[in-house]
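# Structure at a glance
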Amino acid sequence: MSYENSLEFAQKMDEQDELKAYRNKFYMPQVNGKDCIYFTGNSLGLQPVSTKDYLQTELDDWAKWGVEGHFHATNPWFAYHEQFAEPVSRIVGALPKEVVVMNNLTVNLNLLLVSFYRPTPDRYKIVCEAKAFPSDQYALEMQVKCAGYNPGEAIIEVAPRAGEYTIRQEDITAAIEQAGDELALVMIGGVNYFTGQVFDMKAITEAAHRVGANCGFDLAHAAGNIRLNLHDWNVDFACWCSYKYLNSGPGGVSGVFIHERHCNNTELPRFAGWWGHEKESRFLMEKGFKPMKSAEAWQMSNAPVLTMAAHKASIDLFDEVGMDKLLKKQKELSGYLEFIIDDINEKHLDQSTGKWLHNITPRSWNERGCQVSIIAEGFGRPLFDVLLQEGVISDWREPNVIRMAPVPLYNSFTDIYKFGKVLTKAIQTS
Ligand SMILES: *Cc1c(COP(=O)(O)O)cnc(C)c1O
């Protein structure tokens, strides 16, 4: 694709965009009375206009039916979560029975670790990425401690090499092979939240299985962002949140994937509650847990219908569009952002002065999704303050990293063109 840094080019791209109608299906936050340029769909996705109606339906049914709504509501609450199996499985590349929506992300990660991190004195190690999202680090640390092992010894972190920002696949494979038959688990974020690097989940899973370890992924930055084929890649388990790329609202419900071969294993240890018990006999309220033969077996509680209604509003939009169209536009959109940053470097900055925009996100399309992360070398907080004053909502990490994620459902090429103008002004004034 050949890009141009001009308003005419951006507008032409927007006119040709087959998803252009979707921007108006979301509320755009305002800064100083004007629509902002929203690049934080990787942190909290925007609210679909339809969400209110989905919530209102459940509130009305609750008012109208009371407890009878479990069976008589428009979307009976007893089976509310079942509506997600098909559409969510299409987003993550799974069989419907391998997917369930429940709880919140870190809760689910812990529940999955209970089943898939079963350390023994000979095999207790975990390979993970260095500087993983803190919640994931804490979950691993405490799971290791709860099992009676020492996190300092058990957890092997794979880091980027000196002077590099992303982690090399060969280094992950080497760490797995080196841990060998002491390795119980590989657990990595499918997309690194800081650099936007996408890991080769198929290769990682194969390497883990070769040494007899389980392999799971936190897909918080991957679900709804990149192509996933969890079933075919043979991943053991995965979980993700719904409030980032999946636009389901702050603290929204989380999704879980458990490979079919584990769903069918009723002997697998797990934490349990009544909603994971066989559906047919659940209300006999008898002694003895009989797990369902699907990811639903990991459910403990009945469905939180109000947060799930917000999830449904968004998942219906995803299902209407489909991942193919989203991924096509995503590549063009993030590619344009990358181009604009290169163009600003070329025209307005000089790397030899130490002031430049250092893109640390991989350039290859197999290794990235929407997100582009730059280090504003030689700049500091004042740069970010100008961006915000001018209506750009992006994510700033001290001392000088800016993360931006234009998303195909509601960002436009014009957003990116305008952002380039603002960024140019910001580097010249800060
Ligand atoms: C966003 C994110 C979380 C947040 O966890 P919650 O339980 O939803 O608060 C955890 N892990 C990763 C990798 C994330 O990106």
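A brief report on the enclosed structure follows. Fair warning: this is a prediction, and the values are worked out from it, not measured in the lab.

## Brief notes about the site of the ligand
Every residue near the ligand is listed here: Leu105, Thr106, Phe133, Asp136, Asp218, Ala220, His221, Tyr243 and Lys244. Contact between the ligand and His221: an oxygen atom at 3.2 Å from a side-chain N or O atom of the residue. Within the contact set of the ligand, an oxygen atom lies 2.5 Å away from a side-chain nitrogen or oxygen of Lys244. Protein contact buries 82% of the 390 Å² of open area that the ligand shows by itself. Residues that form the shell around the ligand fall into these classes: four nonpolar, two polar and three charged.

## Digging into the packing of aromatic side chains
Geometrically, a pair of aromatic rings is defined through the distance of the ring centres and the angle of the planes. Taken as a whole and judged by the stated rule, the model has 22 aromatic pairs. Measuring from ring centre to ring centre gives 5.6 Å for Phe78 and Phe283, while their planes differ by 50°; the resulting arrangement is tilted. Placement of the pair is Phe78 in the loop between α3 (69–72) and α4 (85–92) and Phe283 in the loop between α10 (260–263) and α11 (305–321), with a sequence separation of 205 residues. Where Tyr124 meets Tyr149, the ring centres are 5.1 Å apart and the plane angle is 10°; that geometry is what we call stacked.

## Section: the sheet that holds strand β10 (residues 254–258)
Reading across the sheet, the seven strands line up as β4-β10-β9-β8-β7-β5-β6 and stay open at both edges, with mixed pairing between neighbours. Of all strands in the sheet, those bounded by a partner on one side alone are β4 (99–102) and β6 (155–158). For this sheet, the mean angle separating the axes of adjacent strands, direction not counted, is 20°. When strand β9 (residues 237–241) meets β10, the two strands line up antiparallel, connected through five bridges. The residue of β10 that forms the bridge with Ala238 is Phe257. Lying over the sheet, α4 contacts β4 and β9, oriented at roughly 110° with respect to β4. Along the sheet, helix α5 (residues 105–116) makes contact with β4, β7 (183–189), β8 (214–218), β9 and β10, crossing β9 at roughly 170°.

What counts as what
- Residues numbered from 1 in each chain as written.
- Predicted model: local features only at pLDDT ≥ 70, side-chain atom pairs only at ≥ 80, totals over all residues.
- Heavy atoms only, no water.
- Near = heavy atom within 4 Å.
- Polar contact = N/O pair within 3.5 Å; in protein donor to acceptor, adjacent residues only side chain to side chain.
- Areas by Shrake-Rupley, 256 points an atom, 1.4 Å probe, with all protein chains shown as cover.
- Nonpolar A, V, L, I, M, F, W, Y, C, P; charged D, E, K, R; others polar.
- Phe/Tyr/Trp six-rings, centres within 6.5 Å; stacked < 30°, edge-to-face > 60°.
- Helix = DSSP H or I, 4+ residues; strand = E, 2+ residues; numbered from the N terminus.
- Pairing = 2+ DSSP bridges.
- Axes fitted to C-alpha atoms, helices over the stretch in contact; angles between N-to-C directions.
- Contact = heavy atoms within 4.5 Å.

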